[in-house]
Amino acid sequence: MSNWMATAIAFSNIALIKYWGNYDSSLRIPSNSSISMNLDGLYSRTRVTFTTERDMDGFILNGLPVGDAALQRVHNLLDRVRQLAGVWMYAEVESRNNFPTGAGLASSASGFAALTLAASRAAGLELGESDLSRLARLSSGSACRSIPGGFVEWQAGEDDKSSYAFSIASPEHWELIDCIAIVSQAHKPISSFEGHVLADTSPLQPARVADANRRLEICRRAILERDFDALAQVVELDSNLMHAVIMTSTPLLQYWQPATLEVMRAVTDWRREGFPACYTIDAGPNVHVICLHSWANQIADRLSQISGVSEVLTAHPGGSAHIVSDVDAADF
Ligand code: DP6
């Protein structure tokens, strides 16, 4: 590994209490704090090489060069890193997501967390966890939660310094499983970037934000006390509140497919039957079904029998973003 090269891995995360809407969009200071769980199976691996041989930044994602908008977002992050480190070389960025492409799973959280860590290390910076989290936040809000490990809270804060994520419990603290029901024929969703901008056009957003601290408190305590019933209630409520805001924005957005609703109904029925499971949905049609470890096989099995569910992925709580060495070039 040369001085100007580093490779990092970061896991994706699922929000249990959602981030939706910004109080300051240029700095990505969110309207409310959020809580998430890192997803062990789903990660981005990213290598950054600063070199004098380039006259612009380059970004290869899953083996292919990306379009201008994605490259610009990467370039902006690299510029912040160059500024902090006093390095004036362009960079070559190669990144691969290990989760199936086209499954409609957001990769910006894991992608920007891995890029933040790899770029800062390649530039010679030794940033602490909260500084890395703040830097990742400027590129993608949810990415700041993929820097620390396990169960993570992003405190909204009020400025760049105070808005970052930290771990509230280790991955080993609670054996929860996220069974992700991939809904087939998913339309390409409107990006969450566009969604955040519209959040304040919904008359429901002020009520969602005003009640957020209460939900955060319940969720935090449910995690710390491993109280699944309390977690299930608040996670579903929070997801429904976010989608209520989404569906009442101007112009209105709609992320669900018919099968999304089918899974939601099935999960609430199963819970009534005594299965410890609850649903939560991000800005897309796929349903994350959170359950206790010992029930995961049965739940994944049931989910795969629902028509419209093309695949079920499962993930344990994941660790923090970290540097890896000796990655074979062929792996990018
Ligand atoms: C619905 O972090 O993807 O997944 O900051 O514009 O990159 P940007 O948005 P992003 O938004 C995530 C929205 C969400 C909820 C959440 O993860 O908290």
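Caption draft 1: Molecular detail of the overall build of the chain. Helix and strand content of the chain: nine helices and 14 strands. The C-alpha atoms of the chain give a radius of gyration of 19 Å, which matches the 20 Å a tight globule of 332 residues would have. By principal-axis analysis of the C-alpha atoms, the chain measures approximately 60 × 40 × 40 Å. In the chain, which comprises 332 residues, the share counted as buried stands at 53%. For the chain, the proportion of contacts with a sequence separation of at least 24, taken over those separated by at least 6, is 75%. Of the accessible surface of the chain, which amounts to about 14200 Å², a share of 50% is contributed by carbon and sulfur atoms. If you average the places of the 25 positive and of the 37 negative side-chain charges in the chain, the two averages end up 3 Å apart.

Caption draft 2: Spotlight on the packing of helix α7 (residues 228-247) against helix α8 (residues 258-273). Packing of α7 against α8 leaves a shortest axis separation of 13 Å and a crossing angle of 160 degrees. Between α7 and α8, the angle falls in the class roughly antiparallel. Taken as a pair, α7 and α8 cross one another with a handedness that is left-handed. Each of Ala232, Glu236 and Asn240 in α7 lies in contact with α8, whose residues at this interface are Met264, Val267, Thr268 and Arg271. Grouping the constituent residues of the contact of α7 with α8 by class yields three nonpolar, two polar and two charged.

Caption draft 3: Layout of the environment of Ser12. The topology assignment puts Ser12 in strand β1 (residues 5-17). For Ser12, a relative accessible area of 6% gives the class buried. Sequence separation of Ser12 and Ala181 is 169 residues, and the distance between their C-alpha atoms is 16 Å. Once you skip the residues sitting within four places of it in the chain, Ser12 turns out to touch Met37, Asn38, Leu39, Leu42, Ala106, Ser110 and Ser146.

Caption draft 4: Highlighting the domain arrangement of the chain. When the domains of the chain are assigned, the result is domain 1 (3-171) and domain 2 (176-315). On a C-alpha basis, the centroid separation for the pair domain 1 and domain 2 is 23 Å. In this complex, domain 1 contributes 28 residues to the contact, which on the side of domain 2 involves 38 residues. Between domain 1 and domain 2, roughly 2800 Å² of surface is buried when both sides are summed, and carbon and sulfur atoms account for 71% of that area. On the domain 1 side of the contact with domain 2, Leu16, Lys18 and Trp20 bury the most area, a combined 30% of that side's loss. Where domain 1 meets domain 2, there are two salt bridges. Here Lys18 makes a salt bridge to Asp282, at a shortest N to O gap of 2.7 Å. Those elements that provide at least two residues to the side of domain 1 that touches domain 2 are β1, β4 (34-51), β8 (151-155) and β9 (164-169). Class assignment for the residues of the side of domain 1 that touches domain 2 results in 16 nonpolar, eight polar and four charged.

Caption draft 5: Representation of the packing of aromatic side chains in the model. With the rule as written, the count across this model stands at five aromatic pairs. When the ring of Phe11 is compared with that of Tyr43, the centres are 6.2 Å apart and the planes differ by 90 degrees; the resulting orientation is edge-to-face. Of the two residues, Phe11 is situated in strand β1 and Tyr43 in strand β4; the sequence distance between them amounts to 32 residues. Between Phe275 and Trp295, the ring centres sit 5.0 Å apart and the planes meet at 65 degrees, which makes this aromatic pair edge-to-face. On the criterion of sequence distance, the pair formed by Phe275 in the loop between α8 and β11 (277-280) and Trp295 in the loop between β12 (287-292) and α9 (296-304) is long-range, its members being 20 residues apart.

Caption draft 6: Just the sheet that holds β12, in detail. In spatial order, the strands read β11-β12-β10-β13; together these four strands make up an open sheet with antiparallel pairing. With partners counted over all chains shown, the strands left at the sheet margins are β11 and β13 (309-315), one partner each. Each strand of the sheet is rotated relative to its neighbour by a mean of 25 degrees, with strand direction disregarded. Relative to β12, β11 runs antiparallel, the two sharing four bridges. Bridging across to β12, Cys278 finds its partner in Ile290. In this fold α8 packs onto β10 (176-183), β11, β12 and β13, with an angle of close to 155 degrees to the strand it touches most, β11.

Caption draft 7: View of the site of the ligand. The immediate surroundings of the ligand are formed by 17 residues, with Arg28, Ser140, Gly141, Ser142 and Arg145 found nearest. Ser140 has a polar side-chain atom sitting 2.7 Å from an oxygen atom of the ligand. At 3.5 Å from an oxygen atom of the ligand is found a side-chain nitrogen or oxygen belonging to Asp282. Coverage of the ligand by the protein amounts to 95% of the 460 Å² it exposes when considered alone. Counting residues per element, the shell around the ligand draws most heavily on helix α4 (residues 192-198), which supplies three residues. A breakdown of the residues in the shell around the ligand according to their chemical character gives six nonpolar, six polar and five charged. Counting contributing residues per domain, the shell around the ligand is built from domain 1 (3-171) and domain 2 (176-315), each supplying no fewer than three.

How each quantity is defined
Residues numbered from 1 in each chain as written. Predicted model: local features only at pLDDT ≥ 70, side-chain atom pairs only at ≥ 80, totals over all residues. Heavy atoms only, no water. Helix = DSSP H or I, 4+ residues; strand = E, 2+ residues; numbered from the N terminus. Rg over C-alpha atoms; globule rule 2.2 N^0.38 Å. Buried < 20%, exposed > 50% of the residue type's maximum accessible area, 1.4 Å probe, protein only. Contact = heavy atoms within 4.5 Å. Areas by Shrake-Rupley, 256 points an atom, 1.4 Å probe, with all protein chains shown as cover. Lys, Arg positive; Asp, Glu negative; His and termini not counted. Charge placed at Lys NZ, Arg CZ, Asp CG, Glu CD. Axes fitted to C-alpha atoms, helices over the stretch in contact; angles between N-to-C directions. Parallel < 35°, antiparallel > 145°, perpendicular 65-115°, else oblique. Left-handed = near helix turned anticlockwise from the far one by under 90°. Nonpolar A, V, L, I, M, F, W, Y, C, P; charged D, E, K, R; others polar. Domains from an automatic or database assignment. Buried area = accessible area lost by both parts, 1.4 Å probe. Salt bridge = Lys/Arg side-chain N within 4 Å of Asp/Glu carboxyl O. Phe/Tyr/Trp six-rings, centres within 6.5 Å; stacked < 30°, edge-to-face > 60°. Pairing = 2+ DSSP bridges. Near = heavy atom within 4 Å. Polar contact = N/O pair within 3.5 Å; in protein donor to acceptor, adjacent residues only side chain to side chain.

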